[in-house]
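Listed here are the chains, written in short residue letters.
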Amino acid sequence: MKGSYDYYKVFGFNRKFKISERRPPPDVIDAFSLCTNRESQMSPDQFRRFLIEFQGEEEVAIDDAKQKMEQALHHFRPNFTRCSFTIDDFFKYLFLDDLNGPITSQVHHDMTAPLQHYFIYTGHNSYLTGNQLNSDCSEVPIIKALRRGVRVIELDLWPNSSKDGIHVLHGRTMTTPVDLYKCLKSIKEHAFVSSPYPVIITLEDHLTANLQAKVAEMVIEIFEDVLYCPEAGGNDEFLSPDALKHRIILSTKQPKEYLESKQDPCEEELLGVEETPSDIKNGTATEEVLSKFLAIDFDDEENEDLENEKLGQKAVVQYNQLIGIHTAKAKNGLRKALRVGSGRGKRLSLSEQTLERAASLYGTDLVRFTQKNILRVFPKGTRVTSTNFRPLAAWMHGAQMVAFNMQGYGKSLWMMHGMFRSNGGCGYVKKPDFLMNRGPNDEVFDPKATLEVKKTLRVKVYMGDGWRMDFSQTHFDAFSPPDFYTKMYMVGVPNDVIKKKTRIIKDDWIPIWDEEFTFPLTVPELALLKIVVREYDVSEKDDFGGQTCLPVSEIKTGIRTVPLHNKKGDKFEHVKLLMRFQFE
């Protein structure tokens, strides 16, 4: 009960504590007083002054300020008769994340550039419900991913046991299959629920030619005119997300028969085949040796060709015409594959280890490649529990599709959620210009270069609230209120990585920290601010109290409420922090 004292028996003695009342911090009181000239009521015009001077919002019309006040009052005083704020109303407004959140909820990036100019929200093995070895395959995680805003869905296609149908499953594991038709129907029905921008289906194709023909029939039947098929001999540039609104795009390798019919006898010579070690020539090489020679880890989609059955050229051509984004192979080494030639842009897939290796050896080649082509990076095969890798290295080198196990868990997934809160959560985030530009001597951004501080983010953590509504009274401590603290992690290019931590507030469901921290940033465009609240436990691991991740380039200045999420990334109903953000 507010303002009362409770007593609990702990180890033979009484422990006394107070449940504090939620009160506005001094900065909030000062802002209210300044804007109202110390009057007790804030008018729409005075509220407009607050939005412009304190929140950094430009060109706020008086009607917009009034409308926002009315929306806020409907939340906590639905029968109001006067459009004005008391200090208590003003404080409550600041805690409304739908009206005073830390980032914009609207699409505001330029959506008319070619696809390779965007980071794209990408799933890995999108059909898996759990781990990579023996979980069920289902259309349900595909639907969940699309509803979260994911724009790239991966399906692994295998023949069924009788070789006359198509299963979606993680090959050579004990995962139970799901029917392809069911997956495609689910994609059609849920593709544009959360975003109108294109959905790309990456197919890991292990099918015979006659089954590829069945896929073609199925795709045409289900997607109809929603499917994007590039025009033969069309523009070499990818189209833009804006031009591809409400379209579905297939991305996979071209059929073997089609490639054979188009094979240039001089192609091998033009590719410049490297001297091949003898154990590779005679077929005795291990996958590790092959992997090192090719400088690329084995991904079934890119490196395995099944012996396709003979099929009429018409069916093969039809399947090929449905492929909107062709995949490339690094068959003569990754360095050669990254050399940007003429012709239509392609997609290349690399494992996280290969990306790491390539970044250390020839990072600027990766950046150049992604200026024309699409680079997909996927988790290594040993992540059997569906964990994920840190995505920043891939983004720093321009990789558009950082493929994540969306059914997974962990801090890396929080970063992925954070990045794609950008641009209204539409699943496409415009890459910073420096990743797409070239200098006068054809130089590109070098992720290894040491850069000067471009701007500093100043963050003040005022207070938090909502745990007593979203958690049981004994969740954190059976005998007293929790002891909360907030940790902040700046993640981005190596020079920008830094950790900060507030003091621990003892025995309080409404902790008030009122502490300020600074984060100097050399590449703010790629920085993410990860915020985690924990409850201090003297004898065990500190309890989790909520998290969020904010893209620094999207953060609004001023006093903002920051809603927190659970470990899976779902937003808590009430748990929020009140913070202030300023850029210098």
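First, a word on what this report is: a plain description of the structure on this page. This structure is a prediction, so every number in the text was calculated from the model and none was measured.

## Some remarks on the layout of surface pockets
At step 1: Taken as a whole, the second largest pocket holds about 1,000 Å³ of empty space.
At step 2: Around the second largest pocket, the lining is made up of 40 residues, and of these D97, G101, I103, T104 and S105 lie nearest the centre.
At step 3: Among the secondary structure elements, those contributing two or more residues to the lining of the second largest pocket are α3 (62–76), α5 (97–100), β19 (543–551) and β20 (558–565).
At step 4: Tallied by class, residues from the lining of the second largest pocket come to twelve nonpolar, 16 polar and twelve charged.

## Topic: α3
Since one α-helical turn is 3.6 residues long, residues separated by three or four positions face the same way.
At step 1: The end-to-end C-alpha separation of α3 is 22 Å, in line with the 21 Å expected for 15 residues at 1.5 Å each.
At step 2: All of the buried residues along α3 are A65, K68, M69, A72 and L73. Viewed end-on, α3 has its buried residues packed into an arc of 135°, placing them on one side of the element.
At step 3: As for α3, its buried residues are in contact with α2 (44–53), α4 (87–94) and α5.

## Looking at the pairing of strand β21 (residues 571–583)
At step 1: As paired elements, strand β14 (residues 455–465) and β21 share eight bridges and run antiparallel to each other. Bridge pairing in β21 links D465 to K576.
At step 2: A loop of five residues connects β20 with β21, the two strands running antiparallel in sequence, and G569 in this loop sits at a positive phi of about 100°.

## A look at the nonpolar core
At step 1: Of all hydrophobic cores here, the largest spans 78 residues; its most connected members are L155 and I187.
At step 2: Setting aside its immediate chain neighbours within four residues, L155 contacts Y127, I142, V168, L180, C183, L184, I187, I201, T202, L203 and E204.
At step 3: Formed by 33 residues, the second largest nonpolar core is a distinct cluster that contains F544, V562, M579 and F581.

## Some words on the environment of S251
At step 1: Residue placement: S251 occurs in strand β8 (residues 248–252).
At step 2: Residues S251 and E204, spaced 47 residues apart in sequence, show a C-alpha to C-alpha distance of 9.0 Å.
At step 3: For S251, the contacting residues outside a window of four places in its chain are I200, I201, T202, L203, I323, I325, T327 and R347.
At step 4: A polar contact is formed between the side chain of S251 and the backbone oxygen of I325, at a distance of 3.0 Å.

## With respect to a negative patch on the surface
At step 1: There is a patch of like negative charges on the surface, built from E217, E221, E224 and D225.
At step 2: Structurally, the position occupied by D225 is in the loop between α8 (209–223) and β8.

## Some details on the packing of helix α1 (residues 26–36) against α2
At step 1: Where α1 meets α2, the closest approach of the two axes is 9 Å, and the angle between their N-to-C directions is 125°. Between α1 and α2, the interaxial angle falls into the category oblique. The two elements α1 and α2 meet at a crossing, and its hand is right-handed. Mapping the contact onto sequence places A31, L34, C35 and T36 in α1 and Q46, R49 and F50 in α2.
At step 2: Among the residues forming the contact of α1 with α2, the class breakdown is four nonpolar, two polar and one charged.

## Notes on unusual backbone geometry
At step 1: In the Ramachandran plot, R38 falls in the positive-phi region, its phi being about 65° despite a non-glycine side chain.
At step 2: Residue class for R38 comes out exposed when judged on its relative accessible area of 73%.
At step 3: A positive phi angle, near 45°, is found at N125, a position not held by glycine.
At step 4: For N125, a relative accessible area of 2% puts it in the buried group.

## A look at the packing of aromatic side chains
Both the distance between ring centres and the angle between the ring planes are used here to describe each pair of aromatic rings.
At step 1: As enumerated under the stated definition, the model contains 21 aromatic pairs in all.
At step 2: Centroid distance W414 to F544: 5.9 Å. Interplanar angle 40°. Geometry classified as tilted. Here W414, found in helix α18 (residues 411–419), pairs with F544, found in strand β19; they are 130 residues apart in sequence, far enough to count as distant. Across the pair, F544 and W414 agree in class, each one buried.
At step 3: Taking 5.0 Å as the distance between ring centres and 45° as the angle between the ring planes, the aromatic pair formed by F471 and F476 counts as tilted. Each member of the pair, F471 as well as F476, is classed as buried.
At step 4: Here the guanidinium or amino end of K455 rests over the ring plane of F583, the centre of that ring lying 5.0 Å away.

## Examining empty space enclosed by the protein
At step 1: Summed over all chains, the structure comprises one cavity of 30 Å³ or more.
At step 2: Residue lining of the largest cavity: L115, Y228, E237, F238, L239, L244, I249, G324, I325 and R344, and that is the complete set.
At step 3: A class-by-class count of the residues in the lining of the largest cavity yields seven nonpolar, one polar and two charged.

## Things to note about the pattern of salt bridges
At step 1: Considering all chains together, one arrives at 24 salt bridges under this definition.
At step 2: When the shortest N-O distance is used, the salt bridge between R368 and D442 registers 4.0 Å. One end of the pair, R368, is in helix α16 (residues 352–370); the other, D442, is in the loop between α19 (433–436) and β14, with 74 residues separating them in the sequence.
At step 3: On the basis of relative accessible area, D442 is assigned to the partly exposed category, the value being 38%.
At step 4: Two residues, R438 and D442, come together in a salt bridge whose shortest N-O distance is 3.1 Å.
At step 5: R438 gets classed as partly exposed once you look at its relative accessible area, which sits at 38%.
At step 6: The structure contains a network of salt bridges with shared partners spanning D27, R458, K460, D514, E516, R580 and E584.

## Notes on the packing of α2 against α3
At step 1: Close contact between α2 and α3 brings their axes to 8 Å; oriented N to C, the two are set at 100°. On the basis of the axis angle, α2 is roughly perpendicular to α3. From α2, P44, D45, F47, R48 and L51 reach across to α3, where they touch I62, A65, K66, K68 and M69.
At step 2: Classifying every residue of the contact of α2 with α3 by side-chain character gives six nonpolar, no polar and four charged.

The rules behind the values
- Residues numbered from 1 in each chain as written.
- Predicted model: local features only at pLDDT ≥ 70, side-chain atom pairs only at ≥ 80, totals over all residues.
- Heavy atoms only, no water.
- 1 Å grid on protein atoms, 1.4 Å probe; cavity = no way out; pocket = protein on both sides within 12 Å on 5 of 7 lines; lining within 4 Å.
- Points joined across faces, edges and corners; volume = space filled by probe spheres on them.
- Helix = DSSP H or I, 4+ residues; strand = E, 2+ residues; numbered from the N terminus.
- Nonpolar A, V, L, I, M, F, W, Y, C, P; charged D, E, K, R; others polar.
- Expected span 1.5 Å × (residues − 1).
- Buried < 20%, exposed > 50% of the residue type's maximum accessible area, 1.4 Å probe, protein only.
- Arc of directions from axis to C-beta.
- Contact = heavy atoms within 4.5 Å.
- Pairing = 2+ DSSP bridges.
- Core = buried A, V, L, I, M, F, W, Y, C linked by side-chain atoms within 4.5 Å.
- Polar contact = N/O pair within 3.5 Å; in protein donor to acceptor, adjacent residues only side chain to side chain.
- Patch = residues over 30% accessible without salt bridge, like charges linked within 9 Å, V, L, I, M, F, W, Y side chains within 5 Å.
- Areas by Shrake-Rupley, 256 points an atom, 1.4 Å probe, with all protein chains shown as cover.
- Salt bridge = Lys/Arg side-chain N within 4 Å of Asp/Glu carboxyl O.
- Lys, Arg positive; Asp, Glu negative; His and termini not counted.
- Charge placed at Lys NZ, Arg CZ, Asp CG, Glu CD.
- Axes fitted to C-alpha atoms, helices over the stretch in contact; angles between N-to-C directions.
- Parallel < 35°, antiparallel > 145°, perpendicular 65-115°, else oblique.
- Left-handed = near helix turned anticlockwise from the far one by under 90°.
- Phe/Tyr/Trp six-rings, centres within 6.5 Å; stacked < 30°, edge-to-face > 60°.
- Lys NZ or Arg CZ within 6 Å of the ring centre and 35° of its normal.

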